[in-house]
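# Tertiary structure, described
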Amino acid sequence: MSHTLPELSPEALSRYSRHILLDEVGVAGQRKLSAARVLVVGAGGLGSPAALYLAAAGVGVLGLADHDQVEEHNLQRQIIHDTAMVGRPKVESAARRLAALNPQVQFRLHGGGVTPANAVKLFSGYDLVVDGSDNFPTRFLNTDAAFLAKRPLVYGSIFKFEGQVAVFDPAAGGPCYRCLFPEPPPPGSAPNCGETGVLGALCGVIGSLQAIEAIKYLLGIGESLRSRLLVVDALTMRFRTLNLPRNPSCPLCGDHPRIRRIDPAAYVFSCAAPAAPPGPDSTGIPIEVSVEEARRLLNAGTDSAFLLDVRESVEVEICRVIGSRHISMQEVAARIDELPRDHQILVLCHHGSRSRQVTDFLRAQGFPAVSSVAGGIAAWAERIDPAMRRY
Ligand SMILES: [Zn+2]
């Protein structure tokens with residue numbers, strides 16, 4: 001941070017004493033925090049704990065960007081809001097709570113949220129961005145804007161009982177979100193298309209982890225989650241860390257980037273947006289194979305391919321391809337060690353959307369030969385095994 005570090009008042013020394021007592025923080029570290037400007041995108045499940053802890057820690061300027069209003073069903077996890085604020089703008093509700101918590105922090109409210117028009121300029125006004133967004137358009141927009149503004153992005157996401165955290169800081173040599181997911185998921189495949197459940201207290205864990213990563217970054221201490229993805233499974237209570245290499249063919253931070261500015265049209269995709277056309281890549285392994293080709297590869301003897309079914313358990317109970325291995329899409333990251341690296345992996349889902357996303361993910365994880373089965377098990381039932389039950 002280039003600005004001059006402020007002196008700490010007697011009140012600040014008292015308020016932050018339990019941080020100052022930490023050797024890794026001290027008065028010098030607390031002064032760094034007091035000079036820091038952090039933007040929290042989304043005053044929701046992740047933004048609530050992240051903003052609360054960042055405000056409590058005494059960051060100098062805390063920005064909040066969210067265009068939504070508080071709804072009753074938010075209160076199960078968005079702990080910064082309360083019942084009396086239902087119907088009010090989230091930034092207003094959050095700011096009221098945060099100002100009561102720590103009046104020493106300067107709050108900046110961005111009630112219009114992050115938009116293609118304001119994103120890069122908005123992010124440039126902060127030292128670091130905490131991404132608590134809950135939808136793909138905003139997540140991709142935040143990713144691109146943070147890269148273009150050269151600001152680190154503390155990523156967090158949550159789905160049902162699983163959460164993920166990473167620090168994307170390509171300016172410092174690490175990967176970005178697009179290294180993991182180069183393009184938005186195909187239509188209908190996004191886990192947050194439609195309403196899904198989410199464990200409230202897990203938001204507290206993931207948002208708090210984001211606050212920790214933000215504070216460590218601002219202080220320059222410890223080992224960050226840069227180049228690593230933390231996957232938290234609350235059901236089994238397992239925390240796993242996956243190495244996340246930079247992807248040289250990343251469309252944003254790769255060697256030949258395609259994305260050089262914010263194009264508003266690139267973020268209007270939704271659950272119904274058209275997918276990018278499939279095509280072969282530099283490995284020569286096609287990103288998609290037909291069901292006929294999949295059957296041929298599966299019957300190729302000792303070199304036969306490994307069929308990974310990424311549908312949900314309820315779908316597998318209806319029908320499955322004999323010999324396939326079931327790991328639902330949401331579990332793939334956490335169970336990646338169960339997948340072979342010496343065989344071609346064919347990824348199968350219902351219609352070929354989720355399998356495309358998993359294919360991209362596994363390729364980004366360094367699996368050399370992964371293809372999605374086009375049309376999914378629906379096409380398999382139609383063209384390979386007409387006796388198969390359909391849904
Ligand atoms: Zn990248």
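Below is a short write-up of the structure. Computed from a prediction, not measured in an experiment: that's the story for all the values here.

### Digging into helix α10 (residues 291–298)
Among all positions in α10, only V291, A294 and R295 are buried. End-on view of α10: buried residues confined to an arc of 100°, all on one side of the axis. Contacts from the buried residues of α10 go to β9 (288–289), β12 (345–348), β13 (370–373) and α13 (376–383).

### As for helix α7 (residues 136–148)
If you check α7, its first and last C-alpha atoms are 18 Å apart, about what 13 residues at 1.5 Å a residue would give, namely 18 Å. Counting buried positions over the 13 residues of α7 gives 11, a clear majority of the element. Among the residues making up α7, those that are buried are F136, T138, R139, F140, L141, N142, T143, D144, A145, A146 and F147. Buried residues along α7 sit in contact with β1 (37–41), α6 (119–124), β4 (128–131), β5 (153–159), β6 (162–168) and α8 (177–180). Phi turns positive, to about 55°, at K150, one or two residues after α7.

### What to know about the pairing of strand β2 (residues 61–65)
The buried fraction of β2 is high, at four of five residues. Direction of pairing for β1 relative to β2: parallel, over a ladder of five bridges. When the sheet's bridge partners are listed, R37 is paired in β2 with V61. For the segment spanning β1, helix α4 (residues 47–57) and β2, crossover handedness is right-handed. Bridging between β2 and strand β3 (residues 106–110) involves five bridges; their strand directions are parallel. Considered in β3, the bridge of L64 is made with L109. Of the crossover connections in this fold, the one passing from β2 over helix α5 (residues 90–101) to the parallel β3 is right-handed.

Cut-offs and rules
Residues numbered from 1 in each chain as written. Predicted model: local features only at pLDDT ≥ 70, side-chain atom pairs only at ≥ 80, totals over all residues. Buried ≥ 20, exposed ≤ 12 C-beta atoms within 10 Å, placed from the backbone. Helix = DSSP H or I, 4+ residues; strand = E, 2+ residues; numbered from the N terminus. Arc of directions from axis to C-beta. Contact = placed C-beta atoms within 7 Å. Expected span 1.5 Å × (residues − 1). Pairing = 2+ DSSP bridges. Right-handed = clockwise from strand over helix to strand, strands pointing away.

All quantities given are derived from atomic positions and should not be read as evidence of function.
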